[in-house]
There are 2 protein chains.
Amino acid sequence: MSSHQPTRSRRTTERKGDVRERAILDTCEALLAEKGYEAMTVGDIAQGAGITRGALYFYFGSKQEVVTALVARTVEHLWERSRAAARTDEPREAIAAAMRRTVELWTEHGLVMRTAIDLSLTVPEIGELWSRTADAFTTAITAVLERAGVQPGTEPDQASPMARALCWMIERSFYHASQQSREDLRKASSTCEHIWKVSAGLTA
Amino acid sequence: MSSHQPTRSRRTTERKGDVRERAILDTCEALLAEKGYEAMTVGDIAQGAGITRGALYFYFGSKQEVVTALVARTVEHLWERSRAAARTDEPREAIAAAMRRTVELWTEHGLVMRTAIDLSLTVPEIGELWSRTADAFTTAITAVLERAGVQPGTEPDQASPMARALCWMIERSFYHASQQSREDLRKASSTCEHIWKVSAGLTA
DNA sequence: ATAAAAATCTACGTAGTGTAGAGTTTGAGT
DNA sequence: ACTCAAACTCTACACTACGTAGATTTTTAT
């Protein structure tokens, strides 16, 4: 190997470690699905990634760090997807679009998102990541509510606090539904959408 | 000691173990507040209760069993309180009353309730207990919605699923608020109450 | 070709869990 | 008052999983 890469080789061929790192995170995600966080041991992850425990500690300082990295990777994904969010003006359509996107996110990344929520309390780093994500969603919801005519402000019946509550409702509903079937996810989505609309005053 | 207790002594003086058991649960609750579930070791609990680790394992088979018992004890409390629930017919007042009660519950037992939620996934027994509790709340909310004129049924915009979503909203909102201040709890309560009313069609 | 950096390994120290089995206290029946 | 079983408590141990140390091999850059 080693094509010496004429000029554009500021970044040489991908480090071997980068591949391993990805392998570790992938294995971690798989094991998380298979046996859950507690039952999953550092040895398991290493074995799955084709290295020994000792080698794994070269990449990550602890089991928690591995999972944190996995969450970070996924959340990164969410943010990118969110940035490409529809810029619909019609509130009714904006809400429907948002819920469609949320269903997608949870079908694709439900496992990691559930893990993030579960570990938010015990792993501060993850708590921080998830808290940021929730804030982003809350902000988005607030905007829609205001555009639909809800009073802006921080009083209990004004946009901000309402958005926060709706965000928690969505989080929890999807958290549970995504453990069941894809069908449950769809139903939960419809219900949340309905409550969101009603809360926005779009009662018709 | 040992007054021989003429006739009514079918149940002799409280077993020493009963006292210990209570001491263990009390200590567990205190430690949970102080250092959290993960950091709290079985040795800590035993020490706090004035016995050795070995002795503790006479009462409970594991750390998880201790916490499960604690949750059970608390949930028991909730149920009793719930049975004594106001039987108001006027929906608006029923909602207000329910939220008042919920605030009480979370101010008094927030810590254990949060723990129950956190461990629901990893400790099946606790998951079961909490799931029952949530069901009870959902049923109550459903009743109020229906009395307020919401269509009964299981379609996404009918009473049952809506009640479930509202239940999750309340759970999550209080979960977070109870980690902050009593004031936040009050605010969260107002917001949830408002959304609940609007969802019930009590928009005036 | 060589030396630094990157990656990997084996071996060890530690903490916390749960179990075994022996010892002590309590109390109900005689 | 005596006794025996149940209730209770202890010390000691085995096991698992984590994280660290330090030696060793592989890659990569010059």
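Residues numbered from 1 in each chain as written. Chains lettered and ligands numbered in written order. Predicted model: local features only at pLDDT ≥ 70, side-chain atom pairs only at ≥ 80, totals over all residues. Heavy atoms only, no water.

Chain A has the name TetR/AcrR family transcriptional regulator in an unreviewed UniProt entry, where Streptomyces dioscori is given as its organism.

Next up on the list: the UniProt feature "DNA-binding region" (unreviewed entry) in chain A. UniProt marks residues 41-60 of chain A with the feature "DNA-binding region" (unreviewed entry), using the numbering shown here. Along residues 41-60 of chain A, the helical share is 75% and the strand share 0%, with 14 Å between the first and last C-alpha atoms. (UniProt positions renumbered as here; feature names shortened; annotations may be inferred. Helix = DSSP H or I, 4+ residues; strand = E, 2+ residues; numbered from the N terminus.)

Take the interface of chain B and chain A next. Of the residues lining the interface, 26 residues belong to chain B; the matching set on chain A comes to 26 residues. Contact between chain B and chain A buries roughly 2200 Å² in total, counting both sides, with carbon and sulfur atoms accounting for 69%. Across the chain B-chain A interface, the total number found is two salt bridges. Between Glu 171 of chain B and Arg 172 of chain A there is a salt bridge, with its nearest N and O atoms 2.9 Å apart. At the junction of chain B with chain A, the criterion picks out four residue pairs in polar contact (both at pLDDT 80 or more). Elements supplying a minimum of two residues to the side of chain B that touches chain A: α5 (91-119), α7 (159-177) and α8 (182-199) of chain B. The element contributing the most residues to the side of chain B that touches chain A is α7 of chain B, with eleven residues. Tallied by class, the residues present in the side of chain B that touches chain A amount to twelve nonpolar, eight polar and six charged. (Contact = heavy atoms within 4.5 Å. Buried area = accessible area lost by both parts, 1.4 Å probe. Salt bridge = Lys/Arg side-chain N within 4 Å of Asp/Glu carboxyl O. Polar contact = N/O pair within 3.5 Å; in protein donor to acceptor, adjacent residues only side chain to side chain. Nonpolar A, V, L, I, M, F, W, Y, C, P; charged D, E, K, R; others polar.)

It is worth spelling out the UniProt feature "domain: HTH tetR-type" (unreviewed entry) in chain A at this point. UniProt's entry tags residues 18-78 of chain A with the feature "domain: HTH tetR-type" (unreviewed entry), counted in the numbering of this structure. Helix and strand shares over residues 18-78 of chain A are 87% and 0% respectively, and the end C-alpha atoms of the span are 22 Å apart.

Attention now goes to the protein's contact with DNA strand D. In the vicinity of DNA strand D lie 18 residues, with Arg 53 of chain A together with Gly 17, Arg 20, Thr 52 and Tyr 59 of chain B positioned nearest. When the atoms of DNA strand D within 4 Å of the protein are sorted by group, sugar and phosphate make up 63%. Within the side chain of Tyr 59 of chain B, an N or O atom sits 2.6 Å from a phosphate oxygen of DNA strand D. Within the residue set of the surface near DNA strand D, elements represented by two or more residues are α3 (53-59) of chain A together with α1 (16-39) and α3 (53-59) of chain B. Top contributing element to the surface near DNA strand D by residue count: α3 of chain B, with four residues. Its residues assigned to classes, the surface near DNA strand D comprises six nonpolar, six polar and six charged. (Near = heavy atom within 4 Å.)

Before going further, it helps to spend a moment on the side chain of Thr 142 of chain A. Structurally, the position occupied by Thr 142 of chain A is in helix α6 (residues 124-147). Excluding anything up to four places from it in sequence, Thr 142 of chain A contacts Ala 159, Ser 160 and Ala 163 of chain A.

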